[in-house]
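An overview of the molecular structure
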Amino acid sequence: MQYGYADKKHEEFPPMVIVSIVNICNLKCQHCFWPKLASMEGYRGNMMSWEHWKKVIDEMSYHTYSVLNLGTDGEPLMHTDFIKMLRYAKSQNIFPINMTTNGILLKGQILETIINEELIDTINVSLDAFTTNTFVKIRGGKGSTFSKIKENVINAYKLKTRYKKKIKIMVNIIDQPLARSELKDFQDYWNGKVDLVITRKYYTATAETGGTGPDITGDQDFQKTDRWPCTLFWRRITITDDGGIQYCIDDWLHKSRLGHLDQNSIKDIWTSKTYNKLREYHLKGQQHKNPYCADCTEWQGMTWDFDYFVAMEKMIGKQLL
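Described below are features of the structure shown in this document. (Residues numbered from 1 in each chain as written. Predicted model: local features only at pLDDT ≥ 70, side-chain atom pairs only at ≥ 80, totals over all residues. Heavy atoms only, no water.)

Points about the packing of aromatic side chains
Under the definition given, this model contains 14 aromatic pairs. When the ring of W50 is compared with that of Y88, the centres are 5.5 Å apart and the planes differ by 65°; the resulting orientation is edge-to-face. Within this pair, whereas W50 is found in helix α2 (residues 50-60), its partner Y88 is found in helix α3 (residues 82-91), the two being separated by 38 residues in sequence. With a relative accessible area of 25%, W50 lands in the partly exposed category. Looking at Y88, the relative accessible area reads 17%, which means it is buried. Each member of the aromatic cluster is reached from another via a ring pair, and the members are Y3, F233, W234, Y247, W270, Y275, Y292 and W304. Taking NZ or CZ as reference, R162 lies 5.8 Å from the ring centre of Y163, over its face. The aromatic ring of W270 is capped on one face by R279, whose charged end is 4.5 Å from the ring centroid. (Phe/Tyr/Trp six-rings, centres within 6.5 Å; stacked < 30°, edge-to-face > 60°. Helix = DSSP H or I, 4+ residues; strand = E, 2+ residues; numbered from the N terminus. Buried < 20%, exposed > 50% of the residue type's maximum accessible area, 1.4 Å probe, protein only. Lys NZ or Arg CZ within 6 Å of the ring centre and 35° of its normal.)

Overview of the side chain of D73
Within the secondary structure, D73 is located in the loop between β2 (67-70) and α3. Among buried charged residues, D73 stands out as having no salt bridge; its nearest opposite-charge side chain is R257, 7.6 Å away. Setting aside residues up to four positions removed in sequence, D73 forms contacts with S20, V22, N23, I24, W34, W252 and H254. (Lys, Arg positive; Asp, Glu negative; His and termini not counted. Salt bridge = Lys/Arg side-chain N within 4 Å of Asp/Glu carboxyl O. Contact = heavy atoms within 4.5 Å.)

Comments concerning the sheet that holds strand β3 (residues 97-101)
Within a sheet, each strand pairs with its neighbour through backbone hydrogen bonds, oriented either parallel or antiparallel. Taken together, nine strands build an open sheet; the order of strands is β6-β5-β4-β3-β2-β1-β7-β8-β9 and the sheet is mixed. Where the open sheet ends on each side, the last strands, each with one partner, are β6 (196-200) and β9 (257-260). For this sheet, the mean inter-axis angle between neighbouring strands, taken without regard to orientation, is 25°. Where strand β8 (residues 244-246) lies against β9, three bridges are found, and the strand directions are antiparallel. Bridge assignment links G244 to a residue of β9, and that residue is H260. Contacts between helix α6 (residues 143-162) and the sheet are confined to β4 (122-126) and β5 (168-174), with β5 contributing the most and set at about 155° to the helix. Of the strands in this sheet, β1 (16-19), β2, β3, β4, β5, β6 and β7 (236-239) touch helix α13 (residues 308-316), which is tilted by about 175° from β6. (Pairing = 2+ DSSP bridges. Axes fitted to C-alpha atoms, helices over the stretch in contact; angles between N-to-C directions.)

Focus: the packing of helix α4 (residues 108-117) against α6
Two packed helices can be described by the angle between their axes and the distance between those axes. α6 packs onto α4 with a crossing angle of 35° between their chain directions and a minimal axis gap of 10 Å. Crossing geometry of α4 relative to α6 is assigned as right-handed. Residue-level contacts link L111, E112 and I115 of α4 to N155, A156, L159 and K160 of α6. Split into classes, the residues belonging to the contact of α4 with α6 amount to four nonpolar, one polar and two charged. (Left-handed = near helix turned anticlockwise from the far one by under 90°. Nonpolar A, V, L, I, M, F, W, Y, C, P; charged D, E, K, R; others polar.)

Let's talk about a nonpolar patch on the surface
On the surface, M1, Y3 and L283 cluster together to form a nonpolar patch covering roughly 330 Å² of accessible area. In this structure, Y3 sits in the segment before β1. Residue Y3 is classed as partly exposed on the basis of its relative accessible area of 31%. (Patch = residues over 30% accessible without salt bridge, like charges linked within 9 Å, V, L, I, M, F, W, Y side chains within 5 Å. Areas by Shrake-Rupley, 256 points an atom, 1.4 Å probe, with all protein chains shown as cover.)

Focus: the side chain of S256
Inspection of the secondary structure puts S256 in the loop between β8 and β9. S256 has contacts with I245, Q246, Y247, C248, D251 and Y292, leaving out every residue within four places of it along the chain.

Okay, structure coming up:
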């Protein structure tokens, strides 16, 4: 396996920019750190400022191969300027744009606008259950919420089909103990109702610690294997709701932060000596030299030959790496 950049142009700018436009959510999923974060002393719910959003989009507009991915630390549809933000991104020819959502707010006028104006190219709805009982246990919502989300997803698919829009809709479920017996039923039910159905790896450390780490809960199903370099260092960078720039998507407490949009461009950080040193550690099998990476097990869920880029390529019919 050849590790490193998939294309020489990626040396200059990441092929995917993951942006958390909010750090607030309307569910309390058991596999997510957000409920713990929200209960911590000093937590402050936040929405990304227009200035930070514009800086991200303006820089990305010069690197047309880069994917904009909305998700991670909260529910993006809760941002009060969501439509305005996406309209600006589209005005700057950002493509493709992916959003990961829990689907609760994917309805009404906001859905109509997203579909009619094609503000998003791929919508990934996290359901994590086939039955109502399992949804309530995993996602912390009511049974009626699950029914409404399913209606929202099916309606979104019908709407984009009726209007002949290119937007793609996918749903995903995490292969975790509470849902493991429902994976096949989930796949069978959603096949034909959406464009793609995904089963995702389960990470337990992040939900407990707010960062990567060893398998402290005993629920992960990773096999012992020789460690390979983490794909994130060559494929993605993360922008937090307050404008921070960090290398780890699973870092809720921002210990992997290397800069800030107020002082740095994304390119500044991506091409920095510090970032390259961290990449060198991974290539040489010296991950232990970076304390944040030292005990991580989640690299096993991000293989070099199959990751989220593959799912998006299936959806939009365009090679992204």
